[in-house]
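Here's the letter readout for the chains.
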Amino acid sequence: MYHSRQMTRRFVLPVALLVFGIPRLAAAAGDDDARLSALQHQLEQVQAALQQLSDENRALREHQEEVDRKLAQLSAAQPQVSPPSQVAAVPPAAPAAGAAALPNTSALPNSSALPNGSALPNTAALPNGAPLPPGPVPTSDSPGGYRPLASLGGLRFWGYGEAYYTDPTSARKESQFDLARAVFGIGYQFDQRTEFNSEYEVEHAVSSATDVGEFEVEQFYVDRRLNDAVTVRAGLFLMPFGLLNEYHEPTNFYGVQRNFVETLIIPSTWREGGFNLHGSTDSGFGWNVGLTTGFDLSKWDFAPEFPTYRNALTLEDNDVAPLQATHQELALANAQHLSQYLALSYFGIPGLTLGAAVTTGDAVPVPAPPNAPIPGNERVTLWEAHARWTPARWDLSALYARGTFSNTALANVANPGSPNPLPASFYGYFVQAAYKLWQQGDYAFNPFARFERYTMGASYEGTTGPVVPLGIVPLSAAPGDYGTWPLNHDRVWTVGANFYLGQHLVLKTDYQWFQENVNFKRFDLGLGLAF
Amino acid sequence: MRGEARHAALACSALLIVTLAGCGGGDAGGGGTPAPPAESAKAQAGEALFFDQSLSASGKQACGTCHVPTRAFSGDPVTDHGLPVPLGGRNMDLPGFRNAPSLLYAALTPAFFLNAGTPTGGFFRDGRASSLAEQAQQPFVTSFEMANADATEVLARLNASPATLKLFVSAFGSAVLSDAQATLADIGAAIAAYEAEDPDFAPFSSKYDLWLEGKATLTAAEQNGLALFNNPVKGNCTACHPSQRQGYSDHALFTDFTYDNIGVPRNWNIPANTPGATSPISGVPLDYIPVQTNVPADAEYTYYDMGLCGPFAPAANDPNPRPSFMTITTLCGNFKVPTLRNVAITSPYFHNGNFATLHKVVQWYVTRDINNNTGNNPAPVPAGPGGNPYFTVGTPYVAADGSPDLYEYNDLPVAFDANVNIGEVPYTPPTFSGGQAPTLTAQEIDDVVAFLCTLTDGFDPNNPSAYNVPAQCAAGAN
């Protein structure tokens, strides 16, 4: 409708000019044949302009119809695990061809699954071929399916956030209640083909020089739709890897915290600066290829005096994993070396999403003395493959990711005894099943279970691996603060449930068991929202 | 070529981004060591000033007297009559207060700053000089060192030393000689330039460095020593003496330039530590010992060297003095972490020179709180079944008469005992490993010392047997 109104305005103006302008020109023609001839010429020009407007109007209407058709398909694809309100609004039906299962571990496919509030009416512009338009509720009267709560002309706002209580049951003194993140997004649509999106995040409630919180620009990019099939993006954007990274809003994944594989192996939230081309086909193939900033291995800490994490929460939060510790987030990022990536996805079968991605590029190397031998470029490579299937009330997903650092031997040899050498490879995988057990009114209750395995150091060069201190050791410089030094690999079971209160709000709970770092087991409660 | 390759990669990716191959940035690196630039006129003047004994009141002391080149520019106990501190003054009979540190790599020290509240950098062991140039001026006018009464006397001596004066004028001109204070400032600047420019002050030519460069091989013991040095629950030395580059240099400097209070035992061989002390050379009273106002009334002794919180303060004419910490009692006892480069040839050790060998230093580190049977130690830690394997008789914490002292950390007023670092390895806290066993075995201590010896500069891979390492580095030394 917005388009229709806009088109109407664009049409009325030239018609009005014609109605009031032509009689005056005709009166003048009676005095001068030459002028009449000129007026006739001008009339022809006006008629040509009218024809052009008419053609444009037809094209826009066709485009609008195409958008509406796609949105209708999307709406039809959503009922599997939607909260009741959505199910009521959109009858369960087999998703139309070309629509896809959820592009993530989403428990709420019609909520803001997308990393931005894109208003581009072209689903091909979505990263990784994701079929869902941004915004919480794709509707036919909101371009691109996005209906921001606040909108002023081309300006749009959105947001999400999550707070959680974590109780490590083996170390209850470390229980925490944290406003993990509060995020607000700002977008602006310059025209029907060009838009800007950005997200700003405050982590841990208070950000200052003396507080633990951080303020970050999580996304800041411009999309330009080249045609219906291809969009180019430039700026700081989320990398299209895995099921979660681009769709990390709390309403979109199971579990109070994000899964470990998509935190420790695929960093989360992982963004890089650069540009990409992306698009999708009507048959359900999505593609995304780009050139971005890479990793900085000079940031690696070979000599942590104390464990860099002591429980599951700090394991995820402290940037200890190989790519967490070395990504640059476009903060004065070293751009001597760039990385390239390719992500492919297939969502042509209703209820099924398949995807894979790979990135590789040289990293900023580990510093070495000026005359030390050069080991060769230290290359960082990461690849992943994922699948998601949502038959009936089920939501099944799996993911495998593996990364490598090359030419790390000399750096490790120079740091013998390190509890944290550079790994040559690291990997993780998970399988997850969720089931929509109950729904009533705006409420829905979806229990889930997940098994995941990760290792932040699967192999090493120049060392046999971390020198992991045994026994009870100091965990910090605080007198009397002792415990065991955690291992950098684990197998984790998670069971829990997401309880939806409408489409924007979710309450979560889970319990996690760790087979290696057994003292990490924890009980979590979470509150998440996205709009 | 590298830049062209990158631009080509950018261009091809921008146009098509179809192929992944060949789009990464290249990095060839390499290159040899450029020849060191010729020293500036300032540095040449600084070298002359550094070794010119005629600039002292005694005529027998220069910077190089207490910072001996063959000892990595640290002090020499032989010339100091066996004292752990230098002798100076007009009659060369006045002992100083602190062990003279090595000046190698000193120019890489950052100016004093608070790193997230943590004191870091600065010159002298207490960081009270804002720059190397400021530091270099002070001994000229310190009564128990070069002992000039003031800058005017320094200027007069410079005018009477033709060779040095000629170099000084070449660097700074003659006009400055009309201002004694400005002349002294330029003397400091010249010496700082010498220390910064002369490659002898930062050779990075140790066996360890050449091992990193692939030109030397560390023995198994040395490699194990480095691993123990790095291991956070064994030596954990790297926590304060990082073996990783820290941003102050392209090389690891084995100091993080922070300050720590490690509870070193009081050294009774420093004359100032004995009440009513006199010169061991002439017997004259040491009337220059500072009178401290921040020593608590219940302290065992009247004089303590407490590092950051005194007794010494930034010079009045220091243009950028660090804050005064005289009243910040939590910093009392904190001294700047020194580099461990060349540590094998810079004995004795610590700010007060209390230990003569590296073995004793490491043995003390790993047993500091074990079985220190001092008189009133409020929480003595019992030794394990094997007792304290390294201090089987007595304790390092002794009173002037050699008997166990009243308190363990006897070089610090007991009221400030809480300042001592007890939370980090290798200090052995009561509940760690049962509170009884040191973190390093005797063999491991040998290995750590073997590694420390590899930090001695001057290793020639073509003539390894000529390596200048002292007896304490020999296998089996203890």
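Parameters at a glance
- Residues numbered from 1 in each chain as written.
- Chains lettered and ligands numbered in written order.
- Predicted model: local features only at pLDDT ≥ 70, side-chain atom pairs only at ≥ 80, totals over all residues.
- Helix = DSSP H or I, 4+ residues; strand = E, 2+ residues; numbered from the N terminus.
- Buried ≥ 20, exposed ≤ 12 C-beta atoms within 10 Å, placed from the backbone.
- Contact = placed C-beta atoms within 7 Å.
- Nonpolar A, V, L, I, M, F, W, Y, C, P; charged D, E, K, R; others polar.
- Domains from an automatic or database assignment.
- pLDDT = per-residue confidence, 0-100.
- Axes fitted to C-alpha atoms, helices over the stretch in contact; angles between N-to-C directions.
- Parallel < 35°, antiparallel > 145°, perpendicular 65-115°, else oblique.
- Left-handed = near helix turned anticlockwise from the far one by under 90°.
- Expected span 1.5 Å × (residues − 1).
- Pairing = 2+ DSSP bridges.
- Core = buried A, V, L, I, M, F, W, Y, C linked by C-beta atoms within 7 Å.
- Arc of directions from axis to C-beta.

Draft legend 1. Up close: the overall build of chain B. Secondary structure summary: chain B contains eleven helices and six strands in total. Across the 478 residues that make up chain B, the buried fraction comes to 51%. Once local pairs closer than 6 in sequence are excluded, the contacts in chain B between residues at least 24 apart make up 66%.

Draft legend 2. Inspection of the overall build of chain A at higher detail. Assigned secondary structure in chain A consists of six helices and 20 strands. Taking all 531 residues of chain A together, 50% fall into the buried category.

Draft legend 3. Quick look at the interface of chain B and chain A. Chain B puts 40 residues into the contact, and the matching count from chain A is 40 residues. Sorting the residues of the side of chain B that touches chain A by element identifies α1 (2–15), α8 (207–212) and α9 (220–230) of chain B as the ones contributing at least two each. Examining the composition of the side of chain B that touches chain A, we find that six residues originate from one element, α9(B), more than from any other. Grouping the constituent residues of the side of chain B that touches chain A by class yields 17 nonpolar, 17 polar and six charged.

Draft legend 4. Broad picture of the domain arrangement of chain B. Residues and elements named next belong to chain B. Each assigned domain of chain B is listed with its residue range as follows: domain 1 (41–201) and domain 2 (203–263 + 338–398 + 420–478). Tallying the contact residues gives 22 residues for domain 1 and 18 residues for domain 2. Residue composition of the side of domain 1 that touches domain 2, by class: eleven nonpolar, seven polar and four charged.

Draft legend 5. Quick peek at the confidence of the model for chain A. Residues and elements named next belong to chain A. For chain A, per-residue confidence averages 81 on the pLDDT scale, and residues scoring 70 or more make up 77% of the total. Per-residue pLDDT stays below 50 along residues 75–117; that stretch engages in 163 contacts with residues further than four places along the chain or on separate chains. Below a pLDDT of 50 lies the segment residues 119–147, which in the model reaches 118 contacts outside its immediate sequence neighbourhood of four places, other chains included.

Draft legend 6. Representation of the confidence of the model for chain B. All names here are of chain B. Residues of chain B with pLDDT of at least 70 account for 86%, and the chain-wide mean is 88. Across residues 1–6, confidence stays below pLDDT 50; counting only partners more than four residues off in sequence or on other chains, it has five contacts. Below pLDDT 50 for its whole length, residues 8–32 participates in 35 contacts with residues either more than four positions away or in separate chains. The complex prediction reports pTM at 0.80, with the ipTM value standing at 0.81.

Draft legend 7. A look at the packing of helix α5 (residues 151–159) of chain B against helix α7 (residues 180–197) of chain B. Residues and elements named next belong to chain B. Closest axis-to-axis distance for the α5/α7 pair is 8 Å, and the angle between their directions is 70°. In terms of axis orientation, α5 runs roughly perpendicular to α7. Where α5 crosses over α7, the handedness of that crossing is left-handed. From α5, Ala151, Thr152, Val154, Leu155 and Leu158 reach across to α7, where they touch Ala180, Gln181, Thr183, Leu184 and Ile187. Residues belonging to the contact of α5 with α7 are distributed by class as follows: seven nonpolar, three polar and no charged.

Draft legend 8. Just α7(B), in detail. An ideal rise of 1.5 Å per residue puts 26 Å on 18 residues; α7(B) measures up with 25 Å between its terminal C-alpha atoms. For α7(B), a buried count of 14 out of 18 residues is recorded, marking the element as mostly surrounded by other parts of the structure.

Draft legend 9. Layout of the pairing of strand β11 (residues 379–389) of chain A. All names here are of chain A. Taking every second residue as pointing to the same face, the buried face of β11 carries Val380, Leu382, Glu384, His386 and Arg388, while none of Arg379, Thr381, Trp383, Ala385, Ala387 and Trp389 on the other face is buried. Sheet analysis places β11 next to strand β12 (residues 394–405), joined by ten bridges and oriented antiparallel. Within β12, the position partnered with Arg388 by the bridge is Ser397. As consecutive antiparallel partners, β11 and β12 are separated by four residues, and within that stretch Ala392 has a phi angle of approximately 50°, a positive value.

Draft legend 10. Examining the packing of helix α2 (residues 41–51) of chain B against α7(B) more closely. Residue and element names in this part refer to chain B. For the pair α2 and α7, the least separation of the axes is 7 Å and the interaxial angle reads 105°. In terms of orientation, α2 and α7 fall into the roughly perpendicular class. Residue-level contacts link Lys42, Ala43, Ala45, Gly46, Glu47, Leu49 and Phe50 of α2 to Ile187, Ala189, Ala190, Ile191, Ala192, Ala193, Tyr194 and Glu197 of α7. Across the contact of α2 with α7, the residue classes break down as eleven nonpolar, one polar and three charged.

Draft legend 11. Expanded view of the nonpolar core. Judged by nonpolar contacts, the single largest core of 171 residues is most densely connected at A:Val261, B:Ala190, B:Ile191, B:Val362, B:Val448 and B:Leu452. It is α7(B) that provides the largest number of residues to this core, a total of nine residues. Not counting residues up to four positions away in its chain, the partners in contact with A:Val261 are A:Ile266, A:Leu399, A:Ala401, A:Gly428, A:Tyr429, A:Phe430, A:Glu452 and A:Tyr454. With six residues, the next largest nonpolar core counts A:Trp158, A:Tyr160, A:Val183 and A:Leu529 among its residues.

Draft legend 12. Quick peek at the environment of A:Arg172. Residues and elements named next belong to chain A. Mapped onto the elements, Arg172 comes out in the loop between β2 (155–168) and β3 (176–191). We classify Arg172 as exposed; it has 10 C-beta atoms within 10 Å. Residues Arg172 and Arg522, 350 residues apart in the sequence, show an inter-C-alpha distance of 9.2 Å.

Draft legend 13. How the structure looks around the pairing of strand β6 (residues 231–238) of chain A. Residue and element names in this part refer to chain A. In this structure, strand β5 (residues 214–225) lies alongside β6, joined through six bridges in antiparallel fashion. Bridge assignment links Arg225 to a residue of β6, and that residue is Thr231. Here β6 runs beside strand β7 (residues 271–280); their pairing, made up of eight bridges, is antiparallel. Its bridge partner being in β7, Ala234 is matched across the sheet by Phe275.

Draft legend 14. Broad picture of unusual backbone geometry. In this structure, the amide linkage connecting B:Ser347 to the following residue, B:Pro348, adopts the cis form with an omega of 0°. Within the secondary structure, B:Pro348 is located in the loop between β6 (335–336) and α10 (358–367). In this structure, A:His204 is a non-glycine residue whose phi angle is positive, near 60°. Note that A:His204 resides in the loop between β4 (194–203) and β5. For A:His204, a count of 16 C-beta atoms within 10 Å corresponds to the partly exposed category. Residues other than glycine seldom take positive phi values, yet B:Phe254 does so here, at roughly 60°. Within the secondary structure layout, B:Phe254 lies in the loop between α9 and β5 (259–260).

Draft legend 15. Expanded view of the environment of B:His241. Residues and elements named next belong to chain B. Relative to the elements of secondary structure, His241 occurs in the loop between α9 and β5. Residue His241 is classed as buried on the basis of its C-beta count, with 22 C-beta atoms lying within 10 Å. Separated by eleven residues in sequence, His241 and Ala252 place their C-alpha atoms 8.9 Å apart. Excluding residues that lie within four positions of it along the chain, His241 makes contacts with Phe254, Thr255, Val337 and Leu340.

Draft legend 16. Geometry of the environment of B:Asp150. Residue and element names in this part refer to chain B. Assignment of secondary structure puts Asp150 in the loop between α4 (132–137) and α5. A residue is classified by how many C-beta atoms lie within 10 Å of it, and Asp150, with 12 of them, is exposed. With 70 residues separating them along the chain, Asp150 and Ala220 place their C-alpha atoms 54 Å apart.

Draft legend 17. How the structure looks around helix α6 (residues 162–172) of chain B. Residues and elements named next belong to chain B. When α6 is considered as a whole, its buried residues turn out to be Thr164, Leu167, Phe168, Ala171 and Phe172. Take α6 and look down its axis: the buried residues cluster within an arc of 115°, on one side only. Turned more than 90 degrees away from the buried face of α6, the exposed residues are Pro162, Ala163 and Lys166. The secondary structure elements touched by the buried residues of α6 are α2, α5 and α7. Among the residues trailing α6, Gly173 stands out with phi positive, at a value near 85°.

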